[in-house]
Amino acid sequence: MTKFPFDSVLVANRGEIAARILRTVKSLGLRGLVLHHAADTSAPALRLADGIIAIDGANPIAAFLDSGQIVEKAIRAGAQAVHPGYGFLSENAEFCRAVTNAGMVFVGPGPEAIDLMGDKVRARAFVAARGFPVAPSAIEDDDPASFAARARALDVPLLIKPAAGGGGKGMRIVRDLARLEEELAAARREGERYFGDGRLYVERYVERPRHIEVQILADQHGTTVHLHERECSLQRRFQKIVEEAPCAALPVAERTEICDAAVGIAAAAGYRNAGTVEFIYGGGSFYFLEMNTRLQVEHPVTEAITGLDLVAEQLRIAAGEKLRFGQVDVQSHGHAVELRIYAEDADREFAPCTGKVLVWRPAVGDGVRVDSGIEEGAVVTSGFDPMLAKLIVHGKDRAEALERAERALTQTVLLGCGNNLGFLRRLIGLQEVQDGLIHTGLIADHADRLRTPAPSAAVLRAVLAATALSSRAVREAADAVPRLHAAIGAWRN
Amino acid sequence: MRCRGCMPRSVPGVTEMMHLFRIGSALWEVALAGLPEAPLLLLRDEACRVSLETLGGAAAIVQVDGARFAIHLAGTDEQRFIHIEGEVFEIAVLDPLTVHAHKEAGNTGLLARAPMPGCVVACPVGVGAAVRPGDSLVMIESMKLEVAIKAERAGVVQAVHFDVGSTFEKDAVLVTLVAATEGQA
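Residues numbered from 1 in each chain as written. Chains lettered and ligands numbered in written order. Predicted model: local features only at pLDDT ≥ 70, side-chain atom pairs only at ≥ 80, totals over all residues. Heavy atoms only, no water.

Attention now moves to the overall build of chain A. Along its length, chain A carries 19 helices and 22 strands. What you see for chain A is a C-alpha radius of gyration of 25 Å, in line with the 23 Å of a compact globule of 493 residues. Taking the principal axes of the C-alpha coordinates as reference, chain A spans close to 85 × 60 × 45 Å. Per-residue burial for chain A yields a buried fraction of 57% across its 493 residues. Taking as baseline every contact in chain A between residues at least 6 positions apart, the subset at least 24 positions apart corresponds to 64%. About 19400 Å² of surface is accessible on chain A, with carbon and sulfur atoms providing 51% of the total. Charge centroids of chain A, computed over 57 positive and 63 negative side chains, lie 4 Å from each other. (Helix = DSSP H or I, 4+ residues; strand = E, 2+ residues; numbered from the N terminus. Rg over C-alpha atoms; globule rule 2.2 N^0.38 Å. Buried < 20%, exposed > 50% of the residue type's maximum accessible area, 1.4 Å probe, protein only. Contact = heavy atoms within 4.5 Å. Areas by Shrake-Rupley, 256 points an atom, 1.4 Å probe, with all protein chains shown as cover. Lys, Arg positive; Asp, Glu negative; His and termini not counted. Charge placed at Lys NZ, Arg CZ, Asp CG, Glu CD.)

Turning our attention to unusual backbone geometry. Residue Pro157 of chain A is bonded to the preceding Val156 of chain A through a cis peptide linkage, with omega at 0°. Mapped onto the fold, Pro157 of chain A is located in the loop between α8 (147-154) and β7 (158-162). Pro36 of chain B follows Leu35 of chain B through a cis peptide bond whose omega is -5°. Tracing the backbone shows Pro36 of chain B in the loop between β2 (26-33) and β3 (40-42). Of note, Phe88 of chain A is a non-glycine position whose phi angle comes to about 45°, a positive value. Take Phe88 of chain A: it is sitting in the loop between β4 (81-83) and α5 (93-101).

Quick look at the interface of chain A and chain B now. Across the boundary between the two partners, chain A contributes 46 residues, which contact 55 residues of chain B. Both faces considered, chain A and chain B share a buried interface measuring about 4400 Å² in area, 73% of it formed by carbon and sulfur atoms. The partner of Arg461 of chain A in a salt bridge is Glu46 of chain B, and the shortest N-O contact between them spans 3.1 Å. Our count for the contact surface shared by chain A and chain B stands at seven residue pairs in polar contact (both at pLDDT 80 or more). Those elements giving two or more residues to the side of chain A that touches chain B turn out to be β18 (355-361), β22 (413-417), α14 (421-429), α17 (457-469), α18 (472-478) and α19 (483-488) of chain A. The element best represented in the side of chain A that touches chain B is α17 of chain A, accounting for 13 residues. Of the residues belonging to the side of chain A that touches chain B, the class tally is 27 nonpolar, 11 polar and eight charged. (Buried area = accessible area lost by both parts, 1.4 Å probe. Salt bridge = Lys/Arg side-chain N within 4 Å of Asp/Glu carboxyl O. Polar contact = N/O pair within 3.5 Å; in protein donor to acceptor, adjacent residues only side chain to side chain. Nonpolar A, V, L, I, M, F, W, Y, C, P; charged D, E, K, R; others polar.)

A word on empty space enclosed by the protein. All names here are of chain A. All chains considered together, the criterion is met by seven cavities of 30 Å³ or more. Every residue lining the largest cavity is counted, 18 residues in all, and those nearest its centre are Arg14, Asp40, Ile374, Val379 and Val380. Mapped by element, the contributors of at least two residues to the lining of the largest cavity are α1 (15-27), β20 (379-380) and β21 (387-395). In terms of residue class, the lining of the largest cavity is made up of nine nonpolar, five polar and four charged. The volume enclosed by the second largest cavity comes to roughly 50 Å³. Around the second largest cavity, the lining residues are Asn13, Arg14, Gly15, Val34, Leu35, His36, His37, Asp40, Ala43, Ala45, Leu46 and Phe64. Of all the elements in the fold, those that place two or more residues in the lining of the second largest cavity are β2 (31-36) and α2 (44-48). With three residues, the top contributor of residues to the lining of the second largest cavity is β2. Classifying every residue of the lining of the second largest cavity gives six nonpolar, four polar and two charged. (1 Å grid on protein atoms, 1.4 Å probe; cavity = no way out; pocket = protein on both sides within 12 Å on 5 of 7 lines; lining within 4 Å. Points joined across faces, edges and corners; volume = space filled by probe spheres on them.)

Residues and elements named next belong to chain A. Among the nonpolar cores identified, the biggest contains 38 residues, and Leu234, Val242, Leu339, Ile341, Leu414, Phe423 and Leu427 are the most heavily contacted of them. Elements that contribute at least two residues to this core include exactly β12 (239-245), β15 (335-342), β18, β21, α13 (398-411), β22, α14 and α16 (442-445). Beyond its immediate chain neighbours, meaning those up to four positions away, Leu427 contacts Leu234, Val242, Val433, Leu442, Ile443 and Leu450. Counting residues in hydrophobic clusters, the runner-up holds 37 residues, among them Ala19, Val34, Ala312 and Ile317. (Core = buried A, V, L, I, M, F, W, Y, C linked by side-chain atoms within 4.5 Å.)

Residues and elements named next belong to chain A. Under the definition given, this model contains 52 salt bridges over all chains. Here Arg340 makes a salt bridge to Glu243, at a shortest N to O gap of 2.7 Å. Here Arg340, found in strand β15, pairs with Glu243, found in strand β12; they are 97 residues apart in sequence, far enough to count as distant. There is no split in this pair, since Arg340 and Glu243 are both buried. Put simply, Arg404 and Glu400 hold a salt bridge, and the shortest N to O gap is 3.8 Å. Placement of both Arg404 and Glu400 in helix α13 is noted, with a separation of four residues, approximately one turn of the helix. Across the pair, exposure class does not vary: Arg404 and Glu400 are buried alike.

For the rest of this paragraph, the subject is the environment of Ala67 of chain B. All names here are of chain B. As for its placement among the helices and strands, Ala67 is situated in strand β6 (residues 67-75). Its relative accessible area of 30% is what places Ala67 among the partly exposed residues. Here the alpha-carbon distance between Ala67 and Val50, two residues 17 residues apart in the chain, equals 9.2 Å.

Residues and elements named next belong to chain A. Overall, the coordinates contain seven aromatic pairs over all chains when judged by the stated rule. Arranged with centres 5.5 Å apart and planes meeting at 45°, the rings of Phe4 and Phe6 form a pair that is tilted. Summarising the burial analysis for this pair, Phe4 and Phe6 share the class buried. Judged by centre distance (5.8 Å) and plane angle (80°), the rings of Phe64 and Phe384 are edge-to-face. One end of the pair, Phe64, is in helix α3 (residues 60-64); the other, Phe384, is in the loop between β20 and β21, with 320 residues separating them in the sequence. For Phe64, a relative accessible area of 1% puts it in the buried group. What makes Phe384 buried here is its relative accessible area of 10%. Of the aromatic side chains, those joined through ring pairs into one cluster are Phe64, Phe88 and Phe384. For Arg14, the ring lying beneath its charged end belongs to Phe384, and the centroid distance is 3.8 Å. The side chain of Arg130 reaches across the aromatic face of Phe126, ending 3.6 Å from its centre. (Phe/Tyr/Trp six-rings, centres within 6.5 Å; stacked < 30°, edge-to-face > 60°. Lys NZ or Arg CZ within 6 Å of the ring centre and 35° of its normal.)

Residue and element names in this part refer to chain A. Taken in spatial order, the eight strands make up an open sheet running β14-β13-β10-β11-β12-β15-β21-β19, and their pairing is antiparallel. Edge positions in the open sheet fall to β14 (285-292) and β19 (368-372), since each of these has one partner strand only. Neighbouring strand axes in the sheet, compared pairwise and without regard to direction, differ in orientation by 25° on average. Examined bridge by bridge, strand β13 (residues 273-282) and β14 share seven bridges and lie antiparallel to one another. (Pairing = 2+ DSSP bridges. Axes fitted to C-alpha atoms, helices over the stretch in contact; angles between N-to-C directions.)

All names here are of chain A. Topologically, Glu338 is positioned in strand β15. The side chain of Glu338 sits in the buried core without any salt bridge; Arg340 is the nearest counter-charge, 4.1 Å away. Setting aside residues up to four positions removed in sequence, Glu338 forms contacts with Ile241, Val242, Glu243, Val297, Glu298, Pro300, Val301, Lys390, Leu391 and Ile392.

Moving on, we get to the side chain of Lys390 of chain A. Residues and elements named next belong to chain A. With respect to the helices, strands and loops of the structure, Lys390 is situated in strand β21. Classification of Lys390 as buried rests on a relative accessible area of 0%. Side chain to side chain, Lys390 and Glu16 meet in a polar contact 2.9 Å long. Polar contacts involving the side chain of Lys390 include one to the main-chain carbonyl oxygen of Val297, which spans 2.8 Å. Among residues more than four places away in sequence, those in contact with Lys390 are Glu16, Val297, His299, Pro300, Glu338, Leu339, Arg369, Val370 and Asp371.

See the structure below:
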């Protein structure tokens, strides 16, 4: 049993991840606090928390980014540790320092590792200098005057990236050298606007790339292990939609190589706690992409195959405990798939949807786990990220996991707010996905096959019938229809 | 099964009893008959035996001519959400109150004007479409009330003046028709 040096943990987040972290906090016998903004009308996290800390700001997101307010209110509420979740301030070294300076334990790595890996250019240079593979590139900082020429020399296809970015934001693919200057200028403006930093770097773009990432866990006593890899190639505009573990398409030797590289990178950076090293894989080679110094959205698929609770491991590491297992003890059983349920209309360029959650019946069954940020009565607004819940399915192999996922998606009922459940079902039903022939451009390539098909006449009749029979106005009007028609019955042409 | 197909005009009273259901931009004219013993769903060119059994907790069973579907229902009478076979439908049930084009001297019913300010929710007709009296030209919404603007006379759509989502003032011309020529509609 761990003797925790803190008894109260503030989860500085919201939605599904806040609920998920709180579950583990409480299961370990600790007190769980959570932040709350008025825009969140009803949320599972609020029910699970032992204490709720109200925050406000110019808009909901600004509130969750207000480090000063959060630290001050955390202290007043008696929090002794802070788990930042993902997004928001989770990769903000200043927040990490503020929490520690206020005498609380930050459940995550130290600020130096956050700083190092947060600057994508610095991280890349660090990794390359230690002999790990990085994609051929041109870094602006090396010599701004010759940057455009060096980028041009890489030849197309190219990927322009903001040095201060991350998570896929602000990236542009260039396939025509004639457009290079124009795209660099646009990327610089975006970098300044979104990250306050217009510095860029350019990498050779791997066509039909696969996104392979490795879960890392490191304690404060010098032990670093990996918990196998995940594949996150099903993306749209660099946003992940479906993730899985392990990566069934790669041979074992290559998976071992990638995982060992990830451990080497984390160890070289003196990393502590949970983190993920991301790689791009294509044409038989893999290249370091970036390291995320936080718990990731898709961590449940790793939990499913290893049987570990990553948040529990994070809290134990933060408490100063040694990892209770070594690399040889890390198991991988079966296959897991995670599907992100978004409030988006996939038929209309994934436009965000709003509405009230009238009915929410998540799937249940063998190997099914649902991490939900919504409950019935919740009002979905454009104030926050549109991810509503995650459906995680485990099976003895990839085929069984996908079969269970299909069934779970069909059984999931979410009414009142538009969502991507139908899109997810069609996506995993694609033959290419079933065969594991996936890459980050697949969803864009097959957009026409992923549209909602016209319903069958039988389903349409059923929908009209159910609507009519449940409408008081239509039922009342029925009394006025002359009996003669009822007796005639159908008059088919 | 055709949407807005031919309805035998010789059947008195039925047209006025039809409700308009909107799913996306498709419109369906629907009515019920035979309640409560043998409910019939009446569409423009067919009728089916139907039943709905609610099971509690938003779950229900709907039957159409013997075909059985397990569904979930939510929403209000005016805005119905249905989950069926893994897909979700949102149906707007429109009041049978319909507003015809303004009568004004010289208008001759060729200009369909907005009876009140609002916004366009759906436009089921395109330029060149032939319309008959009573056909819906445009669906508008104003102060939570959704209304169908119907053609007063036969014609061909010459122009649709507002896109879905656009707002307009009272009396704005929403759709312009040209008179049907001999042999049309």
